[in-house]
Amino acid sequence: MNLNGTSGPPLYAWDVAEGACGVTEDRDAAIRHVRRGLEEGAPGTRGEVRRVAVSMSGRVEYLQLGVVVEGRRDARTGGVVWVI
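The rules we used
- Residues numbered from 1 in each chain as written.
- Predicted model: local features only at pLDDT ≥ 70, side-chain atom pairs only at ≥ 80, totals over all residues.
- Heavy atoms only, no water.
- Pairing = 2+ DSSP bridges.
- Helix = DSSP H or I, 4+ residues; strand = E, 2+ residues; numbered from the N terminus.
- Axes fitted to C-alpha atoms, helices over the stretch in contact; angles between N-to-C directions.
- Core = buried A, V, L, I, M, F, W, Y, C linked by side-chain atoms within 4.5 Å.
- Buried < 20%, exposed > 50% of the residue type's maximum accessible area, 1.4 Å probe, protein only.
- Contact = heavy atoms within 4.5 Å.
- Salt bridge = Lys/Arg side-chain N within 4 Å of Asp/Glu carboxyl O.
- Polar contact = N/O pair within 3.5 Å; in protein donor to acceptor, adjacent residues only side chain to side chain.

A.B. asks: Help me out: how do you make sense of the pairing of strand β3 (residues 46–54) in this one?
C.D. replies: Within a regular beta strand, the side chains point alternately toward one face of the sheet and then the other, so they alternate between its two faces. Here strand β1 (residues 11–16) pairs with β3 via six bridges, running antiparallel. Paired with Trp14 across the bridge in β3 is Val49. Two strands pair when backbone bridges link them, and β3 and strand β4 (residues 62–73) are joined in this way by nine bridges, in the antiparallel orientation. Considered in β4, the bridge of Arg51 is made with Gly66.

Below you can see the structure in the form of structure tokens.
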């Protein structure tokens, strides 16, 4: 069991506002998914990758352990801007 009361491999939840979302064990893959969603989204679209763990409560839910990276599609340039 980890210090945060969870067990198992690190998991990363990712989502893009009004777009795709998912969970993976691969941090880099989660970041790639968000980047792709931001590049395809409208200017101002936001997304993030969060570290999560499966809850040990018996319910199907994830415990939020913190934001890994946040990004947005810049309205002026159209590029992806990351906030770490």
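A.B. asks: How should the sheet that holds β3 be read in this particular structure?
C.D. replies: Strands in a sheet are paired, the pairing made by backbone hydrogen bonds, and the direction either parallel or antiparallel. Taken in spatial order, the five strands make up an open sheet running β2-β1-β3-β4-β5, and their pairing is antiparallel. The sheet terminates laterally at β2 (21–24) and β5 (80–83), the two strands that pair on one side only. Pairwise comparison of adjacent strand axes, ignoring direction, gives a mean angle of 25° for this sheet. In this structure, β1 lies alongside β2, joined through four bridges in antiparallel fashion. Bridge pairing in β2 places Asp15 opposite Cys21.

A.B. asks: What should I look at first to understand the nonpolar core in this one?
C.D. replies: Across soluble globular proteins, nonpolar side chains have a tendency to be buried as a group. Tyr12, Trp14, Val16, Ala30, Ile31, Val34, Leu38, Val49, Val68 and Val69 together form the largest nonpolar core, which totals ten residues. Top element by residues in this core is helix α1 (residues 27–40). It accounts for four residues. Non-local contacts of Trp14, meaning those with residues more than four positions away in its chain, are made with Ala20, Cys21, Gly22, Val23, Thr24, Ala30, His33, Val34, Glu48 and Val49.

A.B. asks: Even after reading the chapter, I still don't get the pattern of salt bridges, so can you show me in this structure?
C.D. replies: Any two side chains of opposite charge can pair, so long as their charged atoms come close to each other. All chains considered together, the criterion is met by five salt bridges. Its salt-bridge partner being Arg27, residue Asp28 comes within 3.7 Å of it at the nearest N-O pair. By relative accessible area, Arg27 is classed as partly exposed at 38%. Across the salt bridge formed by Arg50 and Glu48, the nearest N and O atoms sit 3.1 Å from each other. If you follow the salt bridges from partner to partner, you end up with Asp15, Glu48 and Arg50 in one network.

A.B. asks: Whenever I open this one, the environment of Asp74 confuses me. Can you help?
C.D. replies: You can see Asp74 is positioned in the loop between β4 and β5. Residues Asp74 and Leu38, 36 residues apart in the sequence, show an inter-C-alpha distance of 9.3 Å. Setting aside residues no more than four positions away along its own chain, Asp74 makes contact with Pro43, Gly79 and Val81. At 3.1 Å, the side chain of Asp74 and the backbone nitrogen of Arg76 are in polar contact.

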